[in-house]
There are 2 protein chains.
Amino acid sequence: MRPAKPTLTGQELEIMKVVWKLEKATVRQVYETLLERRRIAYTTVMTMMNILEQKGYLQKQQGDRAYVYQPTQPQSQVIRSMVREFVDRVFNGSAEPLLAHLVEDRHLTEKDLDEIRKSIKSARKSR
Amino acid sequence: MRPAKPTLTGQELEIMKVVWKLEKATVRQVYETLLERRRIAYTTVMTMMNILEQKGYLQKQQGDRAYVYQPTQPQSQVIRSMVREFVDRVFNGSAEPLLAHLVEDRHLTEKDLDEIRKSIKSARKSR
DNA sequence: CAATACGTACTAATTAATTAGTATGTTTGA
DNA sequence: TCAAACATACTAATTAATTAGTACGTATTG
């Protein structure tokens, strides 16, 4: 049996992104979307989506003709736990060094930090 | 042939962390260190370290008895590119949403942000 | 020096990840 | 209606990742 919430692998994440974007989608819809970027077989997408269902990330229901899949969790929540795992794995759980790296890489500006500062304050209020 | 700088996988990163810590190390040293945390075979460590050498992350030289392995790149540099890849993969390259997640997760405090702010300023000066 | 520990090369087993084919049944439009 | 398109279930091939075993040689030490 598969564990309850196994991590999303690379290709699985790609598919989830499409489904989140579309809110709900058939295999064909996802297939068409992915085709715009690269060559892939219809059945490959189907297999992946079924695995995602087994993993608990997607839910399917009978639609007009084909199954319609939809995410079981919002994107933000899933990504949050991916970040948490990454921080655990790479930085042993502390986010600060990650920040340092982001800054060094010039991905972050002072303006970004102001944004963040604000959001911290409001988060604190709502606690 | 292997690509020049393939990404580090989970277990490979664990081994690299040990070697970075020790600065240079034999298979046995890494093996002993990993043993403290979990059961693993000596040859497993050796295999992994040889793969890391093929991938260009480690360099080996003949030591007194055994080969001595050392990192070809500093930890900070490797981790920086792991962060970059993660940001690309999960956030399509923009770091800001990553920040938002870190904050929401309360991994980040205002104090952290002050630290970062300072480091941005000094980075700017040295540009 | 002989037994034991150590080191390396080579091989291999297992599992996960990725991609896709085939068989078969349903729907639909010309 | 019937051929083409579509859908799904089932199976499978390929590659990567992870873990480890075996054979064999060298070093060490009691």
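Calculation criteria
- Counting starts from 1 at the beginning of each chain's written sequence and moves along it residue by residue.
- Labels follow written order: the first chain is A, the first ligand is 1, and so on.
- Local features in this predicted model are restricted to residues of pLDDT 70 or higher, and side-chain atom pairs are both shown and tallied only at a pLDDT of 80 or more, whereas totals for entire chains, interfaces and linings draw on every residue.
- Calculated side-chain values reflect all of the structure's heavy atoms, with hydrogen atoms and water omitted.
- Nearness of a residue to a molecule or strand requires only that one of the residue's heavy atoms be within 4 Å of it.
- For this analysis, a polar contact is any N or O atom pair within 3.5 Å, provided that within protein one partner can donate a hydrogen and the other can accept it, and provided that sequence-adjacent residues contribute only side-chain to side-chain pairs.
- Numbered from the N terminus, helices here are DSSP runs of H or I no shorter than four residues, and strands are runs of E no shorter than two.
- The residue classification treats Ala, Val, Leu, Ile, Met, Phe, Trp, Tyr, Cys and Pro as nonpolar and Asp, Glu, Lys and Arg as charged. All others, Gly included, are polar.
- Pairs of strands are assigned from DSSP output, requiring at least two bridges between the strands.
- A helix is expected to span 1.5 Å multiplied by its residue count minus one.
- Remark: exposure states derive from per-residue accessible area (1.4 Å probe, protein chains only) relative to the maximum for the residue type, with buried under 20%, exposed over 50%, and partly exposed in between.
- Whether two residues are in contact is decided by their heavy atoms, any of which lying within 4.5 Å being enough.
- Axis geometry follows a simple rule: fit a line to the C-alpha atoms, using only the stretch in contact for helices, then measure angles between N-to-C directions, giving values from 0 to 180 degrees.
- Each angle gets one of four labels, with under 35 degrees taken as roughly parallel, over 145 as roughly antiparallel, 65 to 115 as roughly perpendicular, and the rest as oblique.
- By definition, turning the near helix anticlockwise from the far helix through less than a right angle yields a left-handed crossing, and turning it clockwise yields a right-handed one.
- When the copies are superposed, the least-squares fit draws on C-alpha atoms of residues that have pLDDT of at least 70 in both.
- Summed over both partners, the accessible area (1.4 Å probe) lost when two parts come together is defined as the buried area.
- Salt bridges are defined as contacts in which a side-chain nitrogen from Lys or Arg sits within 4 Å of a carboxyl oxygen from Asp or Glu.

## Details of the protein's contact with DNA strand D
As a matter of local geometry, DNA strand D sits amid 20 residues, with Arg28(A), Tyr67(A), Thr9(B), Thr44(B) and Thr47(B) nearest to it. When atoms of DNA strand D within 4 Å of the protein are sorted by moiety, sugar and phosphate together comprise 69%. In this structure, a phosphate oxygen belonging to DNA strand D sits 3.5 Å away from a side-chain N or O atom of Thr44(B). Elements supplying a minimum of two residues to the surface near DNA strand D: helix H3 (42-54) of chain A together with helix H1 (10-22) and helix H3 (42-54) of chain B. Counting residues per element, the surface near DNA strand D draws most heavily on H3(B), which supplies 4 residues. In terms of residue class, the surface near DNA strand D is made up of 7 nonpolar, 7 polar and 6 charged.

## Thoughts on the pairing of strand S2 (residues 67-71) of chain A
All names here are of chain A. Pairing of strand S1 (residues 58-62) with S2 involves 5 bridges; the strand directions are antiparallel. Bridged to Gln59 within S2 is Gln70. The loop that links S1 with its antiparallel partner S2 comprises 4 residues.

## Quick notes on the protein's contact with DNA strand C
Every one of the 20 residues lining DNA strand C counts as a neighbour, but Thr9(A), Ala41(A), Thr47(A), Arg28(B) and Tyr67(B) are closest to it. Atoms of DNA strand C within 4 Å of the protein belong to the sugar or the phosphate in 70% of instances, the rest to bases. In the model, a phosphate oxygen of DNA strand C is placed 3.3 Å from a nitrogen or oxygen of the Arg39(A) side chain. A distance of 2.4 Å is found between a phosphate oxygen of DNA strand C and a side-chain nitrogen or oxygen belonging to Arg28(B). With 4 residues, H3(A) is the largest single contributor of residues to the surface near DNA strand C. Of the residues belonging to the surface near DNA strand C, the class tally is 7 nonpolar, 7 polar and 6 charged.

## What about helix H4 (residues 75-91) of chain B?
Here H4(B) contains 17 residues, and its C-alpha end-to-end distance of 23 Å stays within 8% of the 24 Å for a straight helix at 1.5 Å per residue. Among the residues of H4(B), those classed as buried are Val78(B), Ile79(B), Arg80(B), Met82(B), Val83(B), Phe86(B), Val87(B), Val90(B) and Phe91(B). Elements in contact with the buried residues of H4(B): helix H1 (10-22), helix H4 (75-91) and helix H5 (96-104) of chain A together with H1 and helix H5 (96-104) of chain B. Two residues or fewer past H4(B), Asn92(B) is found with a positive phi of approximately 55°.

## Focus on the packing of H1(A) against helix H2 (residues 27-35) of chain A
Residue and element names in this part refer to chain A. Axis separation between H1 and H2 bottoms out at 10 Å; the angle between their running directions is 115°. In terms of their interaxial angle, H1 and H2 are classed as roughly perpendicular. At the point where H1 passes H2, the crossing takes the right-handed sense. Taking contact as the criterion, the partners of Ile15, Val18, Val19 and Leu22 in H1 are, on H2, Gln29, Val30, Thr33 and Leu34. Residue classes in the contact of H1 with H2 are distributed as 6 nonpolar, 2 polar and no charged.

## Some remarks on the relation of the copies chain B and chain A
The two copies are related by a screw motion: chain B maps onto chain A through a turn of 180° and a shift of 0.0 Å along the axis, at an RMSD of 0.1 Å. The transformation relating the two chain copies, once decomposed into turn and shift, fits a two-fold axis. Nearest to the rotation axis, the C-alpha of Leu113(B) is located 3.6 Å from it, this being the minimum over chain B. Most of the interface of chain B is mirrored in chain A: 100% of its interface residues are interface residues there too.

## Quick look at the side chain of His101(A)
Examined against the element boundaries, His101(A) turns out to sit in helix H5. Those residues in contact with His101(A), other than ones at most four positions away along the chain, are Phe91(A), Ser76(B), Ile79(B), Arg80(B) and Val83(B).

## Some thoughts on the interface of chain B and chain A
Counting residues at the interface gives 45 residues for chain B, matched by 45 residues for chain A. Surface buried jointly by chain B and chain A totals about 4200 Å² across both partners, of which 63% is contributed by carbon and sulfur atoms. Its largest share of buried area at the contact with chain A, chain B owes to Arg89(B), Glu110(B) and Arg117(B), together 15% of the area lost on that side. Applying the counting rule to chain B against chain A returns 0 salt bridges. Counting the contacts that link chain B with chain A gives 2 residue pairs in polar contact (both at pLDDT 80 or more). Those elements that provide at least two residues to the side of chain B that touches chain A are H1, H4, H5 and helix H6 (110-125) of chain B. Tallying contributions element by element places H6(B) first for the side of chain B that touches chain A, with 12 residues.

## Description of the pattern of salt bridges
When their charged atoms lie close together, side chains carrying opposite charge are able to pair. Applying the stated criterion across every chain, the model contains 8 salt bridges over all chains. Notably, a salt bridge pairs Glu53(B) with Lys60(B), separated by 3.7 Å at the nearest N-O pair.

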